[in-house]
Amino acid sequence: MLQDPMDFEWSYWIEWGRERILWLLAGHLLVSQVSRLLVEKYKLWCLMVYGMAACWLLLGIKGFAVILLHATISFAVAQFQLSLLTWLCSLILLSTLRIPAVEETKRKWYDTENEYYLLLFTVSVRCLFCTSFSLEYCWHGPAQKTSHSFLWMLAYVFYYPTFHNGPLMNFDEFSKQMRKQEAFSLKTNLSILIVGIIRIFFWWCLAELMIHLMYIHALYSSAPPLEAASYWALGGLALAQVLFFYVKYLVLYGVPALLLQMDGLKPPALPCCVSLMHSFTKMWRSFDVGLHRFLVRYIYVPMGGSQSSLLGTLFSTALTFAFVSYWHGGQSYLWYWGALNWLGVIVENGVKRILSISLIQELI
C-alpha cells in the first residue's frame, strides 16, 4: 500500500533513523550504561566524547566545526555576563542560517539535500542549547562558574539523544540532574527500556497506519478536494492533521526521552493529547514542554511576564511568540501563525481576568 509522502518531517526523520541515527542512539545507550556501571564519575565526559564523535561521523568535519564554532562564540560572549549581549549573539548566529551565500557554501559540503537539512536542523536546535547555557552562565556568580565551564557547555551541547531534533532541556535542569550520582540498577533500566520500546513501537505503528490510510497531508496539498469539501469535512481533516502531529511527536520525542531516562535524567513530559486541550495556553504549556520552559525562563519572565502591567504582559508575550516564529524559519506564514497564537493567548487571559472580577462572579 502506498503511503502519503507529503509530511516531510515524518518521512525525513524516519529515513534518517533507519539509516544511521537509531544506530548512533543505540551506541549512546551502550556507552551510557557501561560508563554508569564502571566509571559513574566520568559518565558525563564519556557521553560528551561519544556525542562529538557521532556528530563528526554524521555531519562531517565541517558540520562538526560549525557547531563547535557556535558553542565557542556563545561561550566567549557569555564571559561579559550581559544577558542582552548574549541574546544578540544568539540571534546573529541564528540569522546566519538564512544568509543565501552561507546556505550555498554549506550545501556544497554534502552530496544530498537531506544531509544539508540535517546540519540545518541540528544547528538551529543547538542554538537554543547554546543560548540556555550562556544565559545561565550570565546569571550565576563566580562561586558557581566551575559547573559552568566550557567543558560542561560541550557536554550539554553535544549530548546526543537531544542533538538533532530535541526535546529541549534547559542547562540548569541538565546540570543538576547530571551531577546527581544515583544508584544504578541494570535490571531496573532494562525493564524501563523494554516498556519504553513497546510504547514507542505502538506509537510508530499508529503513525504509519495514519500515513498509509488517511492521506491527510496529500488532501491538504491539493486545492480541488478542499474546495469541494463541506465545513464538517474540513473540520475533520484539521482534527486528523493535529492528531497525527501529536502521534508523530510521541515518536520523535519518545525515543530521546527514553534514552534520557536510561541516563538517569528526567526528560520533559511528552506531548499531551491535542483532543484534551481546549485553550491556546494549555496547548503551549503541554505540547512541547521543553520549548515552553525555555521560553518562560529566558524570555517571558525576564521581560516581566504576568507580574508586570497589562502592556508589559502583552509585550513579553508578543516577544515570546516573535522569537518562536523567527526560530522556526521566519517565513511570512509563521509570523501569521505566531500572531494568531499570541492573540488567542491574550484573549483567553483577558477573559480570565474579567471572570475573576467579584461582580462578574456574582452575576454568574
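- Identification of the protein as HHAT palmitoyltransferase from Sula dactylatra is taken from an unreviewed UniProt entry.
- Turning to the protein, the UniProt record has this under Sequence similarities (unreviewed entry): "Belongs to the membrane-bound acyltransferase family. HHAT subfamily."
- Its UniProt record, at the heading Subcellular location (unreviewed entry), says of the protein: "Endoplasmic reticulum membrane".

## Side note on the domain arrangement of the protein
- Along its sequence, the protein is organised into domain 1 (8–179) and domain 2 (269–363).
- Taking the mean C-alpha position of each, domain 1 and domain 2 sit 27 Å from one another.
- Note on domain 1 versus domain 2: buried area summed over both sides is about 1400 Å², and carbon and sulfur give 63% of it.
- Considering only the surface of domain 1 that becomes buried against domain 2, Trp87, Arg98 and Leu128 emerge as the three largest contributors, covering 35% of it.

## Thoughts on helix 15 (residues 332–355)
- For helix 15, which comprises 24 residues, the first-to-last C-alpha distance of 35 Å matches the rise-based estimate of 34 Å (1.5 Å per residue) to within 8%.
- When helix 15 is considered as a whole, its buried residues turn out to be Leu334, Gly338, Asn341, Gly344, Val345, Ile346 and Glu348.
- Where helix 15 is buried, its residues meet helix 12 (280–286) and helix 14 (310–327).

## Thoughts on the nonpolar core
- In this structure, Phe158, Phe174 and Phe323 are the most contacted members of the largest nonpolar core, which totals 92 residues.
- For this core, the element with the highest residue contribution is helix 2 (residues 43–78), accounting for 15 residues.
- Taken domain by domain, the makeup of this core includes at least three residues from each of domain 1 (8–179) and domain 2 (269–363).
- Among residues more than four places away in sequence, those in contact with Phe158 are Leu47, Met48, Gly51, Met52, Cys55, Phe64, Ile67, Leu68 and Phe163.

## Quick look at the environment of Glu348
- By secondary structure assignment, the location of Glu348 is in helix 15.
- Residue Glu348 is classed as buried on the basis of its relative accessible area, which comes to 18%.
- When the C-alpha atoms of Glu348 and Thr281 are compared, they prove to be 7.7 Å apart, with 67 residues separating the residues in sequence.
- When neighbours within four sequence positions are excluded, Glu348 is seen to be in contact with His278, Ser279, Phe280 and Thr281.
- Within polar-contact distance, the side chain of Glu348 engages the backbone nitrogen of Phe280 at 2.6 Å.

## A short note on the environment of Ser325
- Counting through the fold element by element, Ser325 comes out in helix 14.
- Between the alpha carbons of Ser325 and Arg126 there is a distance of 17 Å; along the sequence they are 199 residues apart.
- Those residues within four positions of Ser325 in sequence are excluded, and the remaining contacts are Gly330, Leu334, Trp335, Trp337 and Gly338.

## As for the environment of Trp327
- Checked against the element boundaries, Trp327 lands in helix 14.
- Overall, the relative accessible area of 16% leaves Trp327 in the buried class.
- Along the primary structure Trp327 and Ile346 are separated by 19 residues, whereas in three dimensions their C-alpha atoms are 21 Å apart.
- Not counting chain neighbours up to four residues away, the residues in contact with Trp327 comprise Leu94, Arg98, Ser124, Val125 and Leu128.

## Looking at helix 7 (residues 171–179)
- Within helix 7, seven of the nine residues are buried, which leaves the element mostly enclosed by the surrounding structure.
- For helix 7, the full list of buried residues reads Phe171, Asp172, Glu173, Phe174, Ser175, Gln177 and Met178.
- On the buried face of helix 7, the contacting elements are helix 2, helix 5 (113–139), helix 6 (150–157) and helix 13 (289–300).

## Concerning the UniProt feature "transmembrane region" (unreviewed entry) in the protein
- As recorded in UniProt, the sites labelled "transmembrane region" (unreviewed entry) are residues 20–39, 46–69, 75–95, 116–135, 150–169, 190–211, 231–252 and 310–328.
- Helix and strand shares over residues 190–211 are 100% and 0% respectively, and the end C-alpha atoms of the span are 31 Å apart.
- End-to-end, the C-alpha atoms of residues 310–328 are 27 Å apart, and along that stretch the chain is 95% helix and 0% strand.

## A closer look at the packing of helix 3 (residues 83–95) against helix 5
- Where helix 3 meets helix 5, the axes come as close as 10 Å, and the angle between the chain directions of the two elements is 170°. Put simply, helix 3 runs roughly antiparallel to helix 5. Here Ser83, Thr86, Trp87, Ser90, Leu93 and Leu94 of helix 3 come into contact with helix 5, specifically with Ser124, Cys127, Thr131, Ser134, Leu135, Cys138 and Trp139.
- For the contact of helix 3 with helix 5, the per-class residue count stands at seven nonpolar, six polar and no charged.

## Brief notes about the pattern of salt bridges
- Overall, the coordinates contain eight salt bridges when judged by the stated rule.
- In this structure, Glu136 and Arg297 form a salt bridge, with 2.6 Å as the shortest nitrogen-oxygen distance. On the criterion of sequence distance, the pair formed by Glu136 in helix 5 and Arg297 in helix 13 is long-range, its members being 161 residues apart.
- The partner of Asp172 in a salt bridge is Arg297, and the shortest N-O contact between them spans 3.7 Å. Here Asp172, found in helix 7, pairs with Arg297, found in helix 13; they are 125 residues apart in sequence, far enough to count as distant.
- What makes Asp172 buried here is its relative accessible area of 12%.
- A relative accessible area of 32% means that Arg297 is categorised as partly exposed.
- One network of salt bridges, with partners in common, ties together Asp7, Glu9 and Lys248.

The rules we used
Within every chain, residues take consecutive numbers counted from 1 along the sequence as written. Selection of residues for local features in this predicted model requires a pLDDT of at least 70, selection of side-chain atom pairs for listing and counting requires 80 or more, and totals for whole chains, interfaces and linings are taken over all residues. To obtain the side-chain values, all non-hydrogen atoms of the structure were included, while hydrogens and water were left out. UniProt positions are given in the numbering used here, feature names are shortened, and annotations may be inferred rather than shown by experiment. Note that the domain bounds reflect an automated or database-derived domain assignment. A quick way to say it: buried area is the sum, across both parts, of accessible area lost when two parts are put together, with a 1.4 Å probe. A run of H or I in DSSP counts as a helix once it spans at least four residues, and a run of E counts as a strand once it spans at least two, with each numbered from the N terminus. To estimate the expected span of a helix, count its residues, drop one, and scale the result by 1.5 Å. Relative accessibility thresholds used throughout: buried, under 20% of the residue-type maximum; exposed, over 50%; partly exposed, between the two (1.4 Å probe, protein chains only). Whether two residues touch is decided by their heavy atoms; if any such pair falls within 4.5 Å, the residues are in contact. In this text, buried Ala, Val, Leu, Ile, Met, Phe, Trp, Tyr and Cys residues form a nonpolar core when linked through side-chain atoms within 4.5 Å. For this analysis, a polar contact is any N or O atom pair within 3.5 Å, provided that within protein one partner can donate a hydrogen and the other can accept it, and provided that sequence-adjacent residues contribute only side-chain to side-chain pairs. A fitted line through C-alpha atoms represents every axis, and for helices the fit uses only the stretch in contact; the resulting angles, taken between N-to-C directions, go from 0 to 180 degrees. Here roughly perpendicular refers to angles of 65 to 115 degrees, roughly parallel to angles under 35, roughly antiparallel to angles over 145, and oblique to all remaining angles. When residues are grouped by polarity, Ala, Val, Leu, Ile, Met, Phe, Trp, Tyr, Cys and Pro land in nonpolar, Asp, Glu, Lys and Arg in charged, and all others, Gly among them, in polar. A pairing counts as a salt bridge when a side-chain nitrogen of Lys or Arg comes within 4 Å of a carboxyl oxygen of Asp or Glu.

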